[in-house]
Structures are given as C-alpha cells and as structure tokens.
Amino acid sequence: MFCSCSFTRNIQEANIKYLSGWDQWKQISRKSWRKFVEETKELSSYLKLWRHDIHSIEGKFGTGIQSYFSFLRFLVLLNFVIFLLMFSFVMLPSTVSKHGVFNGSYVEPPLESTEPECTVYIVSGTKGLIYFHTYIIDLLSGTGFLEKTSLFYGYYTVDTVYFGTVRYRVPLAYLLTTLAYLSLSLLWIVKRSVEGFKQSLVRNEDQFQSYCNKIFAGWDFCITDVNAARLKHSSLQYELKTDLEEERLRQRVAERTTQEKVRIYCLRIFLNLIVLAVLSACFYAIYRATVYSQENISCDKKIKLEDNLWIQYLPSIVITMANFIAPLIFSVLIKLEDYSPAFEIRLTLMRCVFVRLANIGVLLFSLWTRITFCVDQKCQACGYNYKLYPCWESRVGQEMYKLMIFDFIIIFAVTVFVDFPRKLLVTHCSWKACRWCGLQEFDIPNNVLEMVYGQTICWIGTFYCPLLPAIATIKYFIIFYVKKISLMHTCKPSSRPFRASSSNFFFLVVLLIGLILAFIPLGLSMTHIRSSKACGPFVYFTHSWDVIAYTINRFPDVLKKVLNSMASEAFAVPFFMVLCLIMFYFMALAGAHKRVVNQLREQLVMVSICGTTSPSISPVEHCGHLVITSERSPAPNRSVCP
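Residues numbered from 1 in each chain as written. Predicted model: local features only at pLDDT ≥ 70, side-chain atom pairs only at ≥ 80, totals over all residues. Heavy atoms only, no water.

A. Focus on the overall build of the protein. On a plain count of helices and strands, the protein comes out with 22 helices and five strands. Within the protein, the proportion of its 642 residues that are buried is 42%. Entry remark: accessible area of the protein is about 36200 Å², with carbon and sulfur atoms responsible for 66%. (Helix = DSSP H or I, 4+ residues; strand = E, 2+ residues; numbered from the N terminus. Buried < 20%, exposed > 50% of the residue type's maximum accessible area, 1.4 Å probe, protein only. Areas by Shrake-Rupley, 256 points an atom, 1.4 Å probe, with all protein chains shown as cover.)

Structural data, given as structure tokens:
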C-alpha cells in the first residue's frame, strides 16, 4: 500500500540532489509555504462562526438546509466588513472632527448659485415638550432625535479633516467607500459563486460518477466521534435520496407522450399569465401606498401613536404583505407546473426575488418621483422638492431603515407567534384539522429570499444610512439562532430533499442579481438627482458624482492628461479588443482542457477493460493502441497513496 508512496518520495529526493542551490531553495520554500497554507486553512476551519451548529444541522436536515445557514453566515461576515469600511473611512473621521479631536472644516453651499430656501433644514419634534410615545415613533422610523445622528446621511457635514499636515476629504472618502463596499461585495460573491459552480459542474457532469463518489469515496475516514459519524451518515443518505428523486423525475419526463407535453406547456403558459397579474397588482399597491404615506406623514406631536406609525410604516406593511402573499401563490402554482425539485427551487426563487427586489424599486421610484416633482421656480432652482424633502437623502435612508427594522420584526414575530403555536397545536391537540395541518417544513426558497431582500436593502441604504450594515449584522446574527431554534423544535425534514452544491451556487447567483439591481438606484441618485443643499457632505456639488471630477481637476497636468486619455475612445476601443482576445484565448484553453479530460476518461475506461481481461490474452491485442504491460514482464503493484 505504501510502497509506491515511498518510491515516489525517493524519486523526488533524488531529483532534488541534482538541482542547483537556488532551485533547491525555491522548491523547499514552495513546499514549506504550501504546508503552511494547508495548516492555516485547517486551523481557520475550527475558527469558523457556527461551525458545530451548521454541521449538526447538516446531519439532521440535509445539505440543502445546511447551505441556507452557511449562506446566512456569509451575509453576517459581509455586512460586518462593510460596516468596518464605513466606520473607518466615513464615520470615525467625521465624529472625531465634530468633537474637536482634530481640526476640520464644514461644507458650505455656494450662496451665489443657491436659493436661500434650499439650505434650510430643521428637524421637527426635537424641541419643547415631547411625549413619550414620540421617542418610540422616532426609534422605529428614524425621525426626530435620530434624524441628525450618525445613523443618517444628513449628519456628515464635515468637508476636510486635518490630521497634522494631511488633509482628509470626507466627501471623496464617502463616495469612494460606497464604491469600495459595492465592489468588494461583487468580488466576494463572484469568488464564492465560481467555487460553487465548479462543484455543481463536477456533480452534474456524470450521474453515475456522482453515485460512485458518494458510495465509494464519500465517507470521511478521519471521523472518530460517534455523533460526527452519525451526522455524516445522515448527510450522505440525504444526498443519495436527492439523486434518486431527480433520476425518477428525469425518467418520468423522458416517458411523456406528445399529448402530455402539449398539455403541460399550455398549462405553464396559463400559470405564467397568473404570475404576471399577481406582480402587477403588487407593484400598483406599493405605488399607491407610498404616495399616500408621503402625502399624509404628519409631524404633529399630538397625533395618536398608532395613526402615526400606521402612516409611517404603510409602504413597509404593503411590501411585506406582497412579499408574503406572492410566494404563497407561486408555491401553489409551481406544484402544478411539474418541475424537478432543484428547478422548482430555482424558478420559485427567480419569481419571488423579482417580486421582492422590484418592490424596492417601485418604492424608490415613488419616492424619487415626489422628490424631483417641482411646481414653482424656486423648487426648480434647487433641483428637488425642498419643501417636503429639505434633506431627501436622509428621507430615503429612513425608508430603508424602516424596511430593515420591519423585516426583522416580521421574521421574529412569525417564528414566535405562528411557528411555535402551530407546533404546540399539532403535538398536543387531537383535532383532525390540526393533525391535517401537521408540522411545517423548512421552506428554503422563502428563507433565502428573506436574506436576499434584506441584503439588497442594506446595499442600497448604506449610502443614505451608513450604520445600516451594523444593524444588518446584528439582525442576521439574531436570525441565525431564531431560525435554528425554529428548525430544531418546530420543523420537520423536507419530504423532497435538495442538493447543496446547486443550491449554494444558485443562492449566490440570486444574491448577485440583488447586488446588480442595487447599483441602478445608487448610480441614478449619484449622477442624475441633485444633492441636497441643506445637509450631507456633497452640498458644494451639483451631484454626488461631481466630487470625482473636482478631485481629478486638482491633479497635476500630466496625471490629468493620462486619466483623460484613459477615459477617451482612443483608449477604450483597443482596451476592449484586447479584453476580447484574452477572453477568446481562455475560452479556447478551456475547450482544450475539456477535450483532454474526455480523452483521459476514455483511456481510464480502456485501462479498466484491460485489467479485467484473461491472462492468456495480450492487453495489446485487446486494447489496441494502449500498451499496459507485457506477458513476459508482469505489471508491478499499482497501489494508490492514501
């Protein structure tokens, strides 16, 4: 067993002796570095957040549900990193300057080109006698005493912070940090998606190979604990059940007649028309709720608590109802369309993610329609409706803040007041209705959509509410334990198991769609809607994006010419052509690698055939061009390294 391994090591040591001193040092250094990286990865695996909890969930409920909790852990880490970026480069410099730790200057609007009315920003409800319920409203809606804190955009009015001789430009840092967290999220998601795509590609390449890998090579022989062995056994069992279920459905699809295919396609077209009608109703309801809420938001301190909260949270309530009702309708329709479990998850996710993300888009569209609506000359001079929205960025941040808080309240309330009572009724009540209802299954698509929806709100809202990533981190951290307790005590394993490899990849693809859609409103607000003249770091600029042009114009002439030439068509066209050539090269390289892999597979099949032939028959005669061994010189023992 170990002879070939020791023989290989002896050959490698003998080859090292014939190398020069520099080459020997490079090879030894490469081995040491590889060993250090492997040991570091092994050590870091023990430091992963919720490592034991996720392994326990995998063994009891399968890899599909385990992939959801791994996805939730990724979002916690991502939001924490985004918070560190915003805190380090935006919040900390502004706070230390406002408290006099370092000298700084504040932004001032150019009075010669700005109407005086545009620069007035008074936060109501912070002076005089304040009722107790006002503090509750302010805490839940981000108004009042919270409006001019570091939670929202309007707080950051510092222009320059002087760290000794170094000048730190807060407006430039604010915009670049926003671009940095969006770019970091994109790269991180793409990296994880590529890893998941590789696993999915390998698993989907050959179904027979997937069975062999699980049965003959799926066990981890490093497991010594009985509980860990039991969890691994359950995980492999769930994977095999998933493979068999998908194989059964593929066989049934292959046996369909032409009449059955026509019937199912007509049914799917009709059901998709119902889906479009549901989407249209959701969008119209959100638009009307947003317009009504913005028209009737009252700053009167004597208004009833329930009335004010109802008006403040009306768009969030309608969006939540749409997010709750639409997936229920889609889950009923998808069962009639007769798809495989994996494709059911994907199609349901795509429909529901479109509902949730488009709902946010409709809300922002409704807000920006009112923000940019002007009826008089003074309003047109400001570029936005300064009477209703003196600091419109903070108002958008408040809406994102309310969506985030309300989403957390709904998730927590449904778990505590719906899931647990249902468990008690099913367990201790003998009524037939309760028995028929049964324990709920853990709905993977709906739970993933809750996370993608909340993360998209965070990406959009961080520009207007810089502390939103910290709120999202705390929210997801609590949700992990809420969902874990609910899963362990109120849910049952899914009757239709799901594969983790394809689920992980598709979850990240849906999250990537949410990130791409987050770029659109942020890009439009930075480049097309005028910045508020009464608050924020971009008072001096017409648009937020103008700080980039202002900074470039202050560069030396040589550097300015280089940047302008890079932005010209003379540079863009050759650069695009070079990128196309590089892309075609890698496509050709990937095709060549695929052909080599197919050839190696064919040769392995031939070798296995040759190994089973009779000793009296020459392998050369049986295998043609493949010469494995000779009849006179028997083949040595080919044991593989463990």
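B. Local environment of the state of the cysteines. Under the criterion given, the structure shown has one disulfide. One disulfide bridge connects Cys391 with Cys535, the sulfur atoms lying 1.9 Å from each other. On the sign convention where negative is left-handed, the bridge of Cys391 and Cys535, at about 90° about the S-S bond, is right-handed. Of this pair, Cys391 sits in the loop between α13 (377-382) and α14 (392-428) while Cys535 is found in the loop between α18 (500-527) and α19 (546-553), placing the two residues 144 residues apart along the sequence. When its relative accessible area of 4% is taken as the criterion, Cys391 is described as buried. (Disulfide = S-S within 2.5 Å.)

C. Examining the pattern of salt bridges more closely. Taken as a whole, this structure holds five salt bridges when the rule is applied. One salt bridge in this structure joins Lys402 and Glu399, with 3.1 Å as the shortest N-O distance. Placement of the pair is Lys402 and Glu399 together in helix α14, with a separation of three residues, close to one helical turn. The exposure class assigned to Glu399 is buried, which follows from its relative accessible area of 1%. (Salt bridge = Lys/Arg side-chain N within 4 Å of Asp/Glu carboxyl O.)

D. Representation of the environment of Asp53. Tracing the chain through its elements places Asp53 in helix α3 (residues 51-61). The exposure class assigned to Asp53 is buried, which follows from its relative accessible area of 17%. For the pair formed by Asp53 and Phe69, sequence separation is 16 residues and the distance between their alpha carbons is 9.2 Å. In contact with Asp53, other than residues within four places in its own chain, are Phe480 and Lys484. (Contact = heavy atoms within 4.5 Å.)

E. Fine view of the packing of α14 against helix α16 (residues 444-461). Contact geometry of α14 with α16 gives a least axis separation of 9 Å together with a crossing angle of 160°. Taken together, α14 and α16 sit at an angle that is classed as roughly antiparallel. Remark: the crossing between α14 and α16 carries left-handed chirality. Contacts from Met400, Leu403, Met404, Asp407 and Ile411 of α14 reach α16 at Glu450, Met451, Tyr453, Gly454, Ile457, Cys458, Ile460 and Gly461. Split by residue class, the contact of α14 with α16 holds nine nonpolar, two polar and two charged. (Axes fitted to C-alpha atoms, helices over the stretch in contact; angles between N-to-C directions. Parallel < 35°, antiparallel > 145°, perpendicular 65-115°, else oblique. Left-handed = near helix turned anticlockwise from the far one by under 90°. Nonpolar A, V, L, I, M, F, W, Y, C, P; charged D, E, K, R; others polar.)

F. Structural detail: the nonpolar core. One finds Phe69, Phe71, Trp392, Met451, Trp459 and Phe463 to be the most contacted residues of the largest nonpolar core, which totals 117 residues. It is helix α4 (residues 63-98) that provides the largest number of residues to this core, a total of 14 residues. Val158, Val161, Tyr168 and Ala173 belong to the second largest nonpolar core, which has five residues in total. (Core = buried A, V, L, I, M, F, W, Y, C linked by side-chain atoms within 4.5 Å.)

G. Main features of the sheet that holds strand β3 (residues 166-169). The three strands lie next to each other as β1-β2-β3, forming an open sheet whose pairing is antiparallel. For this open sheet the edge positions go to β1 (103-106) and β3, each flanked by a neighbour on one side alone. In this sheet, adjacent strand axes meet at a mean angle of 20° when their direction is disregarded. Where β1 lies against strand β2 (residues 158-163), four bridges are found, and the strand directions are antiparallel. The residue bridging Gly104 from the neighbouring strand is Val161, located in β2. (Pairing = 2+ DSSP bridges.)

H. Main features of the packing of α3 against helix α17 (residues 468-490). It is the contact of α3 with α17, at a shortest axis distance of 12 Å, that shows an interaxial angle of 30°. One way to sum up the angle between α3 and α17 is to call them roughly parallel. Our pair here, α3 against α17, has a crossing hand that is left-handed. Contact residues: Asp53, Ile54, Ser56, Ile57, Lys60 and Phe61 in α3; Phe480, Lys484, Leu487 and Met488 in α17.

I. Quick peek at the pairing of β2. Note that β2 and β3 share four bridges and pair antiparallel. Note on β3: the bridge partner recorded for Val161 is Tyr168. Between β2 and the antiparallel strand that follows it, β3, lie two residues; Gly164 among them carries a positive phi value of about 70°.

J. Local environment of the packing of aromatic side chains. The full count for this structure, using the stated rule, is 26 aromatic pairs. When the centroid spacing of 6.0 Å and the interplanar angle of 80° are considered together, the rings of Phe163 and Tyr168 count as edge-to-face. Note on Phe163: relative accessible area 30%, which makes it partly exposed. Consider the rings of Phe541 and Tyr550, whose centres lie 5.5 Å apart with planes at 70°: the pair is edge-to-face. On the basis of relative accessibility, which here comes to 5%, the residue Phe541 falls in the buried class. (Phe/Tyr/Trp six-rings, centres within 6.5 Å; stacked < 30°, edge-to-face > 60°.)

K. Molecular detail of the side chain of Lys483. Along the chain, Lys483 turns up in helix α17. Reaching out from Lys483, the side chain makes a polar contact with the side chain of Asn447 at a distance of 2.7 Å. Look past the residues within four positions of Lys483 in its chain and what remains in contact with it is Tyr68, Phe69, Ile411, Phe442, Asn447 and Glu450. (Polar contact = N/O pair within 3.5 Å; in protein donor to acceptor, adjacent residues only side chain to side chain.)

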